[in-house]
Amino acid sequence: MLARVGTAEVKVLRMDALPVEEEWHEQAEVLLVLDGRLELVVEGVVVPVGPGGLYVVEAGVRHAVGPGSRGTLVIVEAPAR
């Protein structure tokens, strides 16, 4: 974790083209691509997100960082209640 803003946790992930295992959360999660390209896989569908792009993953939705993703990703998530 990089920081905490109120109850939200801010994380930074350096994407290196390797996939990150599928996950889901009890709360919504915000993904912001600072540079590069995120090949986000949401419920089995690839959603490309480019520099400056933001994607909100709703609570309970399965998602993963797909292969080929490169760059810097900021993740903001609220802790589980």
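See the structure above.
Here goes a summary of the coordinates provided. (Residues numbered from 1 in each chain as written. Predicted model: local features only at pLDDT ≥ 70, side-chain atom pairs only at ≥ 80, totals over all residues. Heavy atoms only, no water.)

1. Considerations on the environment of E29
Cut-off, in case you're wondering: Going along the chain from the N terminus, every DSSP run of H or I of four or more residues is numbered as a helix, and every run of E of two or more is numbered as a strand. A contact between two residues is defined here by any heavy atoms of the two lying within 4.5 Å. Under this definition, polar contacts are N or O atom pairs within 3.5 Å; protein pairs additionally need one hydrogen-donor-capable and one acceptor-capable atom, and for neighbouring residues in sequence, both atoms have to be side-chain atoms.
Looking at the secondary structure, you find E29 in strand β4 (residues 29–42). A sequence separation of 14 residues divides E29 from E43, and the C-alpha atoms of the two residues are 15 Å apart. Excluding residues within four positions of it along the chain, E29 makes contact with E23, Y55, V56, V57, H63, I75, V76 and E77. Side-chain polar atoms of E29 contact the side chain of H63, separated by 2.8 Å.

2. Things to note about the nonpolar core
What counts is decided by this rule: The nonpolar core is taken to be a set of buried Ala, Val, Leu, Ile, Met, Phe, Trp, Tyr and Cys residues, with the residues joined through side-chain atoms within 4.5 Å. Relative accessibility decides the category of a residue: with a 1.4 Å probe and only protein chains considered, values under 20% of the type maximum give buried, values over 50% give exposed, and everything between is partly exposed.
One finds M15, L31, V33, L38, L40, V42, V49, V57, V65, L73 and I75 forming the largest nonpolar core, which totals 11 residues. Those elements giving two or more residues to this core turn out to be β4 and β8 (70–77). In terms of residue count, the dominant contributor to this core is β4 (5 residues). Once you skip the residues sitting within four places of it in the chain, V42 turns out to touch V47, Y55, V61, R62 and H63.

3. Considering the side chain of E29
Counted only if it meets this: Under this rule, positive means Lys or Arg and negative means Asp or Glu; His and the chain ends count for nothing. Each reported salt bridge corresponds to a side-chain nitrogen of Lys or Arg within 4 Å of a carboxyl oxygen of Asp or Glu.
Despite its burial, E29 remains without a salt bridge, the nearest opposite charge being carried by K11 at 5.9 Å. Looking at E29, its side chain comes within polar contact range of the side chain of H25, at 3.2 Å.

4. Focus: the environment of E43
With respect to the secondary-structure elements, E43 resides in the loop between β4 and β5 (45–49). Separated by 19 residues in sequence, E43 and R62 place their C-alpha atoms 5.3 Å apart. Not counting residues within four places of it along the chain, the set of residues in contact with E43 comprises G60, V61 and R62. A distance of 2.9 Å separates the side chain of E43 from the backbone nitrogen of R62, its partner in a polar contact.

5. Re the environment of K11
Take K11: it is sitting in strand β2 (residues 8–16). Using a relative accessible area of 28% as the deciding quantity, one classes K11 as partly exposed. Separated by 48 residues in sequence, K11 and A59 have C-alpha atoms that sit 18 Å apart. Not counting the four nearest positions on each side in its chain, K11 is found in contact with M1, L2, L73, V74, I75 and E77. Among the polar contacts made by the side chain of K11, one reaches the side chain of E77 at a distance of 2.7 Å.

6. Details of the pairing of β8
The criterion, for reference: DSSP calls a pair of strands paired once it identifies at least 2 bridges connecting them.
Across the 8 residues that make up β8, a large majority, 6, are buried. As paired strands, β2 and β8 are joined by 8 bridges and run antiparallel to one another. Along β8, the bridge assignment pairs L13 with L73. Direction of pairing for β4 relative to β8: antiparallel, over a ladder of 8 bridges. Looking at β8, one finds that D35 is bridged to T72.

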